[in-house]
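Structure at a glance
Read off the chains here:
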Amino acid sequence: METVNGNRNPSESPWDSLRAPAEAKSPKSIEDVLARVIKIGNASVRVADVQKANKRENVGDADEIKANGYNSSEKKVFTPGEVAGYFDDQFRANHEALDRFHTDPAIRQTYDELMSEFPQLRSIAIDNYNEQNAFSANACPVSTPNGTKMKRLIKFNFRNPDIYLSSRFNEKGDLKGFYTVLTEIALRTGAKPEDISKNRALVASFILAHEFGHAMDFDNNYLQPSIRKARQLYPYRRDVTDIALTEAQSKSREARARDMTAVLDGSIDFETSSLRKDILASRLEDLDLKTATERNVAHNKSYRTTHSETFADDFAMHYIMRHYDRFFYDSKSGEKKKGRVETNTHGETRKIGDELVPFLDFHAGKHVSLVATTTFGKPKQEKLDCYLMDSLRNNSELKVGMTGDPVLKNAQVRSLGNITDVRIKQEKINGRIKNTFFLLIDDAARTVIKMEVSGNGEAPEIDVDPSDFLKRYHIGEGSLMTLLKRQVGNGKASAVGTGQIMSGRLKRNNYGGLIDIGDGLYLGATNKPGFTGGNTSTIRRCYRKWKRYYIETSTSTYELLPYIEGKQ
């Protein structure tokens, strides 16, 4: 498995176009702040707009403005100096808050660095939050440069950043905090996850940057596009940002709702779902989630792949890597550096603890390349391009399939022995970290298997005939079925789906048949709790990805969550 080390060259960062110019890192005046905000182009108001607004008369329609929840008579047109002053005033207010919170110097440094590199973030307020961290962009009675009643706020435990260090398992196997993210940081930096999880400055800085990443996401992906749209629709109105804000908040909430409610891989609540006993047994088998710990790891991973979390994590990761020398030091440097995390990227092999193995994401259906050698270094005459039949586990069988279709009767499956140890070798090559994994097999030859991800690392989509679909799950008239809507509109399954579940008994369609490539699925009502019924639109395609089946219709993509009951 090869992962890319976050690049320390700012010119290659995806946020480079949004950052302040390097030569202007320390603004000396309000005018400097304003100039940088305008140059970056991510502030919610610009000088040109304010100047034009000052010259306009009789703009907009008062009734339409009021219908949108605003009163034009209450509007205030801000001067360029006042726009700059707002950003600078909020920055000063935040510094006063950091003093009140008795903030750790390392966290203050992170805040100042973020504000210097991304001045548009200076307009965001901060507040101490005693338990969790959060970003919000809500309408509230706070004046901003363009008169919008809006407040963007970062909530963070400035007084006690140690709260973010509780990132391990508890006695019940539940996940806490950001351990999935910490493991990813380790894979990209050459550090040990357990060392990262103990470093307050690094963990808290990452999480603070993560929350500001949510603010960037809101501005870049919701507010700014809405402002551009509003300017086109209402070119003579001065309250375009007010109009845009309403749309941006709505779209942001909708996207977040999809992120939070979608039933993604591993994210079903197996303990409390009303569908647990009837539907989820096969789901667990297909996902190869055998323990509560594995289910929690899968849930955490799926949550972190949603758009909102991916954007914020990437923003924070690039911040950490831009300041690599502040957080990390090389083990070959000859001396330990206080407060920093040690890295080892010179090819030494070290053991991975049992609790870390689930985070490596070597799950059932993963496409891998295997090369076997003996402990004496003599290679075997074989290299396998294959798929893992079961998720990687210590002290378990390493079983692989030779095709990406594990349900075929003639699919070749091979057992390579029991895994007794998992090790990792990390090497820095051209500024990137290459991670290579080794599995020690319990056999007479003491075989060591080198393992790397092949291609895109995932099993392919395989078209299947609807009859195969029906036969696989013994589906017929009267069968109970559950469909999970994964995507709407573009006809492809997505990690960010709508999360809508439709359940019911399969009934005959309007043409007298059960299912055909030209017909939809017709699910009738049932008195069983949790089953809703409903119909799909026209079926265009059925396909399988590893052991899971999907139905692509003219409007959506559904995944089958099998209900093992059969025909009635």
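Up top you'll find the structure we're talking about.
Keep in mind the model is a prediction, meaning the values are calculated, not measured. Along each chain, the written sequence defines residue order, and numbers are assigned to residues from 1. Local features are withheld for residues below a pLDDT of 70 in this predicted model, meaning they are given only at 70 or higher, and side-chain atom pairs are given and counted only at 80 or more; totals for whole chains, interfaces and linings count all residues. Remark: hydrogens and water are excluded; side-chain values derive from all non-hydrogen atoms of the structure.

A few words now on the packing of helix α6 (residues 179–189) against helix α12 (residues 307–322). Running from N to C, α6 and α12 point in directions that differ by 40 degrees, and their axes come no closer than 12 Å. In terms of orientation, α6 and α12 fall into the oblique class. The way α6 lies across α12 gives a crossing that is right-handed. Residues Val181, Ile185, Arg188 and Thr189 of α6 pack against Asp313, Met317 and Met321 of α12. Each residue gets one of three labels, nonpolar for Ala, Val, Leu, Ile, Met, Phe, Trp, Tyr, Cys and Pro, charged for Asp, Glu, Lys and Arg, and polar for the others, Gly among them. Within the contact of α6 with α12, the residues separate by chemical class into four nonpolar, one polar and two charged. Structural elements are reduced to axes, namely lines fitted to C-alpha atoms, with helices fitted over the stretch in contact, and the angle between N-to-C directions of any two is expressed from 0 to 180 degrees. By the criteria applied, helices consist of DSSP H or I runs no shorter than four residues and strands consist of E runs no shorter than two, each listed in order from the N terminus. These descriptions rest on fixed angle ranges, namely under 35 degrees for roughly parallel, over 145 for roughly antiparallel, 65 to 115 for roughly perpendicular, and the rest for oblique. By convention the crossing between two helices is left-handed if the near helix lies anticlockwise of the far one by an angle smaller than a right angle, and right-handed if it lies clockwise. By definition in these notes, contact holds between two residues if any of their heavy atoms fall within 4.5 Å.

A separate point is unusual backbone geometry. A negative phi angle characterises most non-glycine residues, just as the trans form characterises most peptide bonds. For Asp361, which is not glycine, the phi torsion reads 65 degrees and is therefore positive. Tracing the chain through its elements places Asp361 in the loop between β6 (346–351) and β7 (366–373). Positive phi, close to 60 degrees, is recorded for Asn395, a residue that is not glycine. Within the fold, Asn395 resides in the loop between β8 (379–388) and β9 (397–401).

Between buried and exposed lies partly exposed: a residue is buried under 20% and exposed over 50% of the maximum accessible area for its type, with that area taken using a 1.4 Å probe on protein chains only. Counting buried positions over the 10 residues of strand β11 (residues 432–441) gives seven, a clear majority of the element. Being paired, for any two strands, means DSSP has found at least two bridges between them. Relative to β11, strand β10 (residues 413–429) is paired through 10 bridges, and the arrangement is antiparallel. Looking at β11, one finds that Ile424 is bridged to Phe437. Hairpin connection, β10 to β11: the antiparallel pair is bridged by two residues, and Asn430 has positive phi, about 50 degrees. Sheet topology places β11 next to strand β12 (residues 448–458); four bridges connect them, and they run antiparallel. Considered in β12, the bridge of Leu439 is made with Ile449. Counting the residues that bridge the hairpin from β11 to β12 gives six residues, and of these Arg446 lies at a positive phi of roughly 50 degrees.

So, on to helix α11 (residues 292–304). Here α11 contains 13 residues, and its C-alpha end-to-end distance of 18 Å stays within 8% of the 18 Å for a straight helix at 1.5 Å per residue. Looking at α11, one finds that the buried residues are Glu294, Arg295, Val297, Ala298, Asn300, Lys301, Ser302 and Arg304. Pairs of N or O atoms within 3.5 Å make up the polar contacts considered here, provided that, within protein, one atom can donate a hydrogen while the other can accept it, and that residues adjacent in sequence are counted only when both atoms are side-chain atoms. For α11, the side-chain oxygen to backbone nitrogen distance between the N-cap and Glu294 is 3.1 Å, and the N-cap itself is Thr291. By definition here, a helix of n residues has an expected span of 1.5 Å times n minus one.

Turning next to the packing of helix α5 (residues 105–117) against α12. Direction vectors running N to C along α5 and α12 enclose 105 degrees, while the axes themselves pass 12 Å from each other. In terms of their interaxial angle, α5 and α12 are classed as roughly perpendicular. The residues of α12 that touch α5, namely those facing Thr110, Glu113, Leu114 and Glu117, are Phe315, Tyr319 and Arg322. Each residue belonging to the contact of α5 with α12 can be placed in one class, and the counts come to three nonpolar, one polar and three charged.

Moving on to the packing of aromatic side chains. Aromatic pairing here means that ring centres of Phe, Tyr or Trp (its six-membered ring) are within 6.5 Å. Orientation follows from the plane angle: under 30 degrees is stacked, over 60 is edge-to-face, and everything else is tilted. For the structure on display, the rule yields 13 aromatic pairs. Residues Phe101 and Phe158 carry aromatic rings whose centres are separated by 5.6 Å and whose planes lie at 20 degrees to one another, so their mutual orientation is stacked. Placement of the pair is Phe101 in the loop between α4 (80–100) and α5 and Phe158 in the loop between β3 (151–156) and α6, with a sequence separation of 57 residues. Judged by relative accessible area, Phe101 falls into the buried class, the value being 5%. Note on Phe218 and Tyr222: the rings are 6.5 Å apart at their centroids and 35 degrees apart in plane angle, and the pair reads as tilted. Here Tyr222 and Phe218 lie together in helix α8 (residues 200–233), a separation of four residues that amounts to about one turn. Cluster of aromatic residues (ring-pair linked, three or more members): Phe101, Phe156, Phe158 and Tyr164. The residue whose ring lies beneath Arg122 is Phe91, and the NZ or CZ to ring-centre distance is 4.0 Å. We call a charge positioned above a ring when the Lys NZ or Arg CZ atom is no farther than 6 Å from the ring centre and deviates by at most 35 degrees from the ring normal. The ring centre of Tyr129 lies 5.0 Å from the NZ or CZ of Lys155, which sits over that ring.

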